[in-house]
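Below, each chain spelled out in residue letters.
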Amino acid sequence: MAAAWGLSLAAAALRAVTAWPRGRLPAAFPRSQVLRKASSSSPQADEGQIHLTDNCVQRLLEITEGSEFLRLQVEGGGCSGFQYKFSLDTVINPDDRVFEQGGARVVVDSDSLAFVKGAQVDFSQELIRSSFQVLNNPQAQQGCSCGSSFSVKL
């Protein structure tokens with residue numbers, strides 16, 4: 001699947017509880033910054049958005065508890081220069097954008113959003129792995145065969 005990049009989501013590792021670093025806010029951060037979407041519309045609707053597929057929403061509703069949400073980050077590294085990182089989190093920072101659909105939330109920091117705006121987040125279940133993946137990322141030029149890294153369009 002050349003258009004899909006993602007990292008395997010290990011639920012046990014993602015449930016690790018971390019202390020709140022100074023300057024971070026709990027997930028009860030004012031909902032005025034929450035961007036709500038009524039349905040999984042096509043990626044062409046708004047390129048500044050992150051779109052959640054129905055599979056992603058369904059899986060997030062199954063694995064998240066209470067105020068947990070899926071955090072999507074872009075980090076330097078991987079075979080092609082950048083890589084996606086998924087984790088469960090409960091803290092929303094002031095520079096985060098929250099995308100909510102059907103009760104499931106995906107949070108992206110403002111730096112990472114520049115690399116994934118307009119993309120879709122999906123959950124894929126295959127015989128060899130199950131993972132969240134970023135699909136149809138208009139900011140990515142190419143990906144690596146490893147499936148988790150990408151290079152950006154210049």
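Right above here is the structure, for reference.
A brief structural summary.

Rules used in this analysis
Chains are numbered independently. Their residues run from 1 in the order of the written sequence. Since the coordinates come from a predicted model, pLDDT governs what is reported: local features require at least 70, and pairs of side-chain atoms require 80 or more to be given and counted, while whole-chain, interface and lining totals use all residues. As a rule here, side-chain values cover all heavy atoms of the structure and leave hydrogens and water aside. Only runs of H or I of at least four residues qualify as helices and only runs of E of at least two qualify as strands under DSSP, and these elements are numbered from the N terminus. A 1.4 Å probe rolled over the protein chains alone gives each residue an accessible area, and that area as a share of the maximum for its type sets the label: buried under 20%, exposed over 50%, partly exposed in between. Note on contacts: a residue pair qualifies if any of its non-hydrogen atoms lie within 4.5 Å across the two residues. Note on areas: Shrake-Rupley with a 1.4 Å probe; residue coverage comes only from the protein chains shown. Any two strands with at least two DSSP-identified bridges between them are counted as paired. Stacked, tilted and edge-to-face pairs are distinguished by plane angle, under 30 degrees for stacked and over 60 for edge-to-face with tilted covering the rest, among Phe, Tyr and Trp rings (Trp via its six-membered ring) whose centres lie within 6.5 Å. The term salt bridge refers to a side-chain nitrogen of Lys or Arg lying within 4 Å of a carboxyl oxygen of Asp or Glu.

A few points about the overall build of the protein chain
Point 1. Assigned secondary structure in the protein chain consists of three helices and 13 strands.
Point 2. Out of the 154 residues in the protein chain, the part that is buried amounts to 44%.
Point 3. Of the contacts formed within the protein chain by residues at least 6 apart in sequence, a portion of 64% connects residues at least 24 apart.
Point 4. Accessible surface, the protein chain as shown: approximately 8000 Å² in total, 51% of it carbon and sulfur.

Quick look at the pairing of strand β13 (residues 149–152)
It is a general feature of regular strands that their side chains alternate between the two faces of the sheet.
Point 1. Burial of β13 is two-sided: the residues S149 and S151 facing one way and the residues F150 and V152 facing the other way are all buried.
Point 2. Sheet topology note: the strand β6 (residues 82–89)/β13 ladder contains two bridges and is antiparallel. Bridging from a neighbouring strand, Q83 pairs with S149 of β13.

Quick word on the packing of aromatic side chains
Point 1. Inspection of the entire model under this criterion finds three aromatic pairs.
Point 2. Between F82 and F115 the ring centres are 4.8 Å apart and the planes differ by 35°, which places this aromatic pair in the tilted class. Placement of F82 in strand β6 and of F115 in helix α3 (residues 110–116) is noted, with a sequence separation of 33 residues between them.
Point 3. These aromatic residues form a ring-pair network of at least three members: F86, F123 and F132.

Comments concerning the pattern of salt bridges
Point 1. This model, assessed by the stated rule, comprises four salt bridges.
Point 2. Here R59 and E62 are joined by a salt bridge, their closest N and O atoms 3.0 Å apart. Placement of the pair is R59 and E62 together in helix α2 (residues 54–63), with a separation of three residues, close to one helical turn.
Point 3. A salt bridge links E75 to K85, with the shortest nitrogen-to-oxygen separation between them at 3.7 Å. You can see E75 sitting in strand β5 (residues 69–76) and its partner K85 sitting in strand β6, a full 10 residues away along the chain.
Point 4. Looking at E75, the relative accessible area reads 30%, which means it is partly exposed.
Point 5. Taking relative accessible area as the criterion, K85 reaches 32% and is therefore assigned partly exposed.
Point 6. When salt bridges with common partners are traced through the structure, they connect R71, D89 and D96 into a single cluster.

So, the pairing of β5
Point 1. Bridge count between β5 and β6: eight bridges; the pairing is antiparallel. Following the sheet pairing, G76 is matched in β6 by F82.
Point 2. In sequence, β5 turns back onto β6 through a hairpin of five residues, with G77 there showing a positive phi of about 135°.
Point 3. Relative to strand β9 (residues 104–109), β5 is paired through three bridges, and the arrangement is parallel. Counterpart to R71 in the pairing with β9 is V107.

Considering the side chain of T53
Point 1. Counting through the fold element by element, T53 comes out in the loop between β4 (51–52) and α2.
Point 2. Those residues in contact with T53 that lie beyond four places of it in its chain are Q120, V121, D122 and F123.

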